[in-house]
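A look at the structure
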Amino acid sequence: MSSATVGPVELGFVEEAPAWRLRSEQFPSKVGGRPAWLSQAGLPGPADLACGACGHPLAFLLQLYAPVSGRTDAFHRAVFLFCCREPPCCAGLRVFRNQLPRKNDFYSYEPPSENPPPESEPFCLQLKSGTHLCKVCGCLGPKTCSRCHQAHYCSKEHQTLDWKLGHKQACAPSDILDDKIPDHSFLFPEFEIVIETEDEYPPEVLEKEVASELIGSMDEALEEELDSLAKHESKEDKIFQKFKTLIALEPEQILRYGRGIAPIWISGENIPEEKDIPNCPCGAKRIFEFQVMPQLLNYLKADRLGRSVDWGVLAVFTCAESCSLGTGYTEEFVWKQDVTDTA
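Residues numbered from 1 in each chain as written. Predicted model: local features only at pLDDT ≥ 70, side-chain atom pairs only at ≥ 80, totals over all residues. Heavy atoms only, no water.

Looking at unusual backbone geometry
So the rule is basically this: Strands here are runs of E lasting at least two residues and helices are runs of H or I lasting at least four, both read from the DSSP assignment and numbered beginning at the N terminus. Think of it in three bands: with a 1.4 Å probe and only protein chains considered, a residue is buried below 20% of the maximum accessible area for its type, exposed above 50%, and partly exposed in between.
With an omega dihedral of 5°, the bond running from P87 to P88 counts as a cis peptide bond. In this structure, P88 sits in the loop between β4 (76-83) and β5 (93-100). If you check the backbone angles, H149 has positive phi at about 60° while not being a glycine. Locating H149 in the fold gives a position in the loop between β6 (143-144) and β7 (152-153). Its identity as a non-glycine residue notwithstanding, N270 has a phi of 60°, on the positive side. Considering the arrangement of structural elements, one finds N270 in the loop between β9 (255-257) and β10 (286-292). On the accessibility criterion, N270 (43% relative accessible area) is partly exposed.

Some words on the environment of H149
In plain terms, the rule: Here a polar contact means two N or O atoms within 3.5 Å. Within protein one must be a hydrogen donor candidate and the other an acceptor candidate, and residues neighboring in sequence count only if both atoms are side-chain atoms.
We classify H149 as exposed; its relative accessible area is 53%. Separated by 22 residues in the primary sequence, H149 and C171 place their C-alpha atoms 9.2 Å from one another. Of note is the side chain of H149, whose polar atom sits 3.1 Å from the backbone oxygen of S146.

Brief notes about a negative patch on the surface
Counted only if it meets this: To count toward a patch, a residue needs a relative accessible area over 30% and no salt bridge; like charges are then connected within 9 Å, while nonpolar side chains (Val, Leu, Ile, Met, Phe, Trp, Tyr) are connected within 5 Å. Computed with the Shrake-Rupley method and a 1.4 Å probe, the accessible areas treat only the protein chains shown as cover for residues. Within this document, salt bridges are pairs made up of a side-chain nitrogen of Lys or Arg and a carboxyl oxygen of Asp or Glu, the two lying within 4 Å of each other. The charged-residue count follows a simple rule in which Lys and Arg add positive charge and Asp and Glu add negative charge, with His and chain termini not counted at all. To locate a charge, take atom NZ for lysine, CZ for arginine, CG for aspartate or CD for glutamate.
There is a patch of like negative charges on the surface, built from E15, E196, D199, E200 and E250. Given a relative accessible area of 45%, E196 falls into the partly exposed group.

Overview of helix α1 (residues 156-170)
Inclusion rule: To estimate the expected span of a helix, count its residues, drop one, and scale the result by 1.5 Å. Note on bend: at a given residue it equals the angle between the axes fitted to the 7 residues ending there and to the 7 starting there. Two residues form a contact once any of their heavy atoms are found within 4.5 Å.
When the terminal C-alpha atoms of α1 are compared, their 18 Å separation across 15 residues is substantially less than the 21 Å that a helix rising 1.5 Å per residue should span. Of all bends in α1, the biggest is about 70°, found at K164. Check the buried side of α1 and you find it contacts β6 and β7.

Some points on the side chain of K30
Structurally, K30 is set in strand β2 (residues 30-31). A residue is classified by how much of its surface remains accessible, and K30, at 0% relative accessible area, is buried. A distance of 2.6 Å separates the side chain of K30 from the backbone oxygen of R34, its partner in a polar contact. Among the polar contacts listed, one links the side chain of K30 to the side chain of E190, at a separation of 2.8 Å. Contact partners of K30, with chain neighbours within four places excluded, come to L22, P35, A36, F60, L62, Q63, E190, F191, E192 and I193.

Considerations on empty space enclosed by the protein
If you roll a probe as big as a water molecule over the atoms, it shows you where there is empty space left. For clarity, the cut-off: Site definitions follow a grid-based scheme: protein atoms alone, a 1 Å grid, a 1.4 Å probe that fits but cannot get out for cavities, and for pockets an open set with protein on both sides within 12 Å along at least five of seven lines, plus lining residues having an atom within 4 Å of a point. Grid points are joined across faces, edges and corners, and a volume is the space filled by probe spheres set on the points. Ten residue types, Ala, Val, Leu, Ile, Met, Phe, Trp, Tyr, Cys and Pro, are classed as nonpolar, four, Asp, Glu, Lys and Arg, as charged, and the remainder, Gly among them, as polar.
Throughout the structure, instances matching the rule amount to three cavities of 30 Å³ or more. Along the walls of the largest cavity sit C83, C84, C90, A91, G92, L93, V309, D310, W311, L314 and K336, which together make up its complete lining. In terms of residue class, the lining of the largest cavity is built from eight nonpolar, one polar and two charged.

Here's the deal with the nonpolar core
As a reminder of what qualifies: What we call a nonpolar core is a set of buried Ala, Val, Leu, Ile, Met, Phe, Trp, Tyr and Cys residues that are connected through their side-chain atoms within 4.5 Å.
If you look at the biggest cluster of nonpolar residues, it comprises 61 residues, and the most contacted ones within it are L61, L62 and L296. Within the residue set of this core, elements represented by two or more residues are β3 (59-65), β4, β5, β8 (191-197), β9, β10, α5 (297-300) and β11 (313-319). The residues touching L296, leaving out its near neighbours within four places in the chain, are V14, V31, L61, L62, I254 and W311. Core analysis: the second largest hydrophobic core is formed by 21 residues, V9, L246, I261 and M293 among them.

Some points on the sheet that holds β8
Just so we agree on the cut-off: Strand pairing requires that DSSP identify at least two bridges connecting the strands.
Strands sit in the order β12-β5-β4-β3-β2-β8-β1-β9-β10-β11-β13 across an open sheet of eleven strands; the sheet is antiparallel. For this open sheet the edge positions go to β12 (330-331) and β13 (333-337), each flanked by a neighbour on one side alone. Pairing geometry for β3 and β4, over six bridges, is antiparallel. Bridge pairing in β4 links L62 to L81.

What to know about the pairing of β5
Here β5 lies mainly inside the structure; six of its eight residues are buried. Of the strand pairs in this sheet, β4 and β5 are connected by eight bridges, and their pairing is antiparallel. Looking at the pairing, F82 lines up with R94 of β5. Here two bridges tie β5 to β12, and the two strands are oriented antiparallel to one another.

If you want it as structure tokens, here you go:
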């Protein structure tokens, strides 16, 4: 996926993929599992990836590989989105951007191979840069087990979770640590995101689709009743109907990408104004880059009794200049719109 001037909308769909295709050296776009970090230096720390509301570690939701055409310093570029999945909170969201030139310290100058490796290698919890990752979530792991000094964690919370699920038995000061990673029930299911360009429909076609949605099964309604319906149709109705119509054209879409385009909202409530989107620390404005659709929730297996992960639209805004702040990860901005009064 390449982001440059405003162009057609690109749609994201989830597909099962072999594990090797979702590793960092393949520059994947993906949902769930552990992050496939781009730069191996300057990873967001535990404080960066803690929920601002409840303080629990955030879970990796998805990443999008989106280089900027014509920018040598953003030949490789990815955006990483994290969310809180700790009930009853499930409120925190944070998003980070990272970019690298083609010639860098971590990857070959040549494109990655399209062929699978000869042997399937297990997920490595230490990057080639030497950075250790948390055994539970795959984020930066500055804490170590005080007994074996081999298992690394982002937080006391994840260390405790791993201890209960097997590290207590595997841990020993003199032994080589078992590299098997148990299922901690913290990660979301992992999928590849595949991208297709959305077909462009003339406005009159969309309007016709919206009209047919509104009329529905009311073919036998009296003319005056239809007139009354049209007069009382609210802005809220039109926004939701447009959303439904665009979704109906490609019902499996989980993501809409278009750097600099306008997002589609699910509701007339809680739509951000320009003043609600903070500027990048470099001083440039942030522009819309992509939105995560509610269809993704069907793949996350996140339903629980009581409150769970939920949204109507997650809209991600990034620096219009895609500024280069070294090899580290720059925090960007995400706006959450819930499903409200859309019935």
